[in-house]
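Remarks on the overall topology
Letter by letter, the chains look like this.
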Amino acid sequence: MKVACPTTLAEAISHKALGFTPVAGATDLWAHWPVRTANHDLSYVDLSGLHELRGIAWSAEHLTLGALTTYWDTMQDSRVNAEFPLLIAAARYVGAIQIQSRGTWAGNIANGSPAADGVPALMALDARVRLVGSNGERTVPLDRFYTGYRATVMGVDELITAILVPRRTYSFTAFEKVGPRRAQAITKVGFAVAHSADGWRVVANSMAATVRRCPSLEAILNASHPNPPAEPDLRAAASKDLAPISDIRSTAEYRTEVFARLLRSTLATMTARP
């Protein structure tokens, strides 16, 4: 095994270009490594020494999460709790405290799992991913980041350095996760929902090959607001946006049915508010 421990971002980028796998919290990487060694060349670049990738920053336009920001970091930040409760709701579902204190938001993005819990919340908030490589810096909307199952737009030499979340006033947000038990379980069906002056955002996980935004669902929600559509209409729209599969955790039929029912009941809580 080779482990590079760079002290500068330029060093880390050069190792990434050579095929080294980036390591941050490593909560997914180490869990898979013993049974999937063929997927790795046993060369890793440890990002923990890059202090410029740490921390939470605020501007008038954005909340910026450094690439090494953990779920626990956001859960312990009172300002994030007040302004972005959707992020906190998602973070609380990511494993136990040990995982929350090591796992990073950027790692959840880069890992590319369709069952990721952090990605739907970020995508529903129109987050952008800042990428830095040997040719410079660019930002990519998170809803355009994935090109397929565990495949992304990242270049071979690019690293995620930060996540930018626009600051908006939200009238409604919700995060839902269905698993075999209440906590510390992989998602069978999940989604994040947000409504602001920019309209509705609906993002589903474990319902396609990637975490996926749902434009058909968003369109009927925008058309019917403030009243939620009927469940059959939600199910019909979801069928255009999503492609659930049957696997060891659930059937496609189960996922389709639960998604539509849970989304309808979640939206009903908005109209039930005084």
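The structure under discussion appears in the preceding block.
Residues numbered from 1 in each chain as written. Predicted model: local features only at pLDDT ≥ 70, side-chain atom pairs only at ≥ 80, totals over all residues. Heavy atoms only, no water.

**As for the overall build of the protein chain**
The helix and strand inventory of the protein chain stands at 11 helices and 14 strands. On C-alpha atoms alone, the protein chain measures out to a radius of gyration of 19 Å, which is about the 19 Å that the 2.2 N^0.38 rule sets for 274 residues. Taken along the three principal axes of its C-alpha coordinates, the protein chain extends 55 × 45 × 35 Å. Excluding contacts between residues fewer than 6 apart, the proportion of contacts in the protein chain whose partners are at least 24 apart in sequence is 60%. Within the protein chain, the 24 negative side-chain charges are centred at a point lying 4 Å from the centre of the 28 positive side-chain charges. (Helix = DSSP H or I, 4+ residues; strand = E, 2+ residues; numbered from the N terminus. Rg over C-alpha atoms; globule rule 2.2 N^0.38 Å. Contact = heavy atoms within 4.5 Å. Lys, Arg positive; Asp, Glu negative; His and termini not counted. Charge placed at Lys NZ, Arg CZ, Asp CG, Glu CD.)

**Quick look at the packing of helix 9 (residues 215-224) against helix 10 (residues 231-241)**
Following both chains from N to C, one finds helix 9 and helix 10 inclined at 145°, their axes separated by 7 Å at the closest point. Across from Pro 215, Ser 216, Leu 217 and Ile 220 in helix 9, the residues of helix 10 making contact are Asp 233, Leu 234, Ala 237, Ala 238, Lys 240 and Asp 241. Looking at side-chain class alone, the contact of helix 9 with helix 10 contains 6 nonpolar, 1 polar and 3 charged residues. (Axes fitted to C-alpha atoms, helices over the stretch in contact; angles between N-to-C directions. Nonpolar A, V, L, I, M, F, W, Y, C, P; charged D, E, K, R; others polar.)

**Regarding a nonpolar patch on the surface**
On the surface, a cluster of nonpolar side chains totalling about 330 Å² of accessible area is made up of Met 1, Val 3 and Trp 30. The class for Trp 30 is partly exposed, based on a relative accessible area of 39%. (Patch = residues over 30% accessible without salt bridge, like charges linked within 9 Å, V, L, I, M, F, W, Y side chains within 5 Å. Areas by Shrake-Rupley, 256 points an atom, 1.4 Å probe, with all protein chains shown as cover. Salt bridge = Lys/Arg side-chain N within 4 Å of Asp/Glu carboxyl O. Buried < 20%, exposed > 50% of the residue type's maximum accessible area, 1.4 Å probe, protein only.)

**Observations concerning helix 1 (residues 9-17)**
Of all the positions in helix 1, only Leu 9, Ala 12, Ile 13 and Lys 16 are classed as buried. Buried residues of helix 1, seen end-on, are gathered within an arc of 100° and therefore sit on one face of the element. Packed against the buried residues of helix 1 are strand 2 (21-23), strand 3 (43-46), strand 6 (128-133) and strand 10 (159-166). Following helix 1 by one or two positions, Gly 19 has its phi on the positive side, about 100°. (Arc of directions from axis to C-beta.)

**Some details on the nonpolar core**
Counting 52 residues, the largest nonpolar core has Leu 87, Ile 109, Leu 122, Leu 142 and Ile 163 as the members making the most contacts within it. If we skip the residues at most four places from it in the chain, Leu 87 touches Leu 63, Val 80, Trp 105, Ala 121, Leu 122 and Leu 125. Ranked by size, the runner-up nonpolar core spans 23 residues in total, among them Val 178, Leu 217, Leu 234 and Phe 259. (Core = buried A, V, L, I, M, F, W, Y, C linked by side-chain atoms within 4.5 Å.)

**Describing the sheet that holds strand 11 (residues 170-178)**
Hydrogen bonding along the main chain pairs the strands of a sheet, whether they run parallel or antiparallel. With antiparallel pairing, the 4 strands of this open sheet are ordered in space as 11-12-13-14. Since the sheet does not close on itself, it has two edges, and those belong to strand 11 and strand 14 (212-213), each with one partner. Here strand 11 runs beside strand 12 (residues 189-196); their pairing, made up of 8 bridges, is antiparallel. Bridge pairing in strand 12 places Phe 175 opposite Ala 192. (Pairing = 2+ DSSP bridges.)

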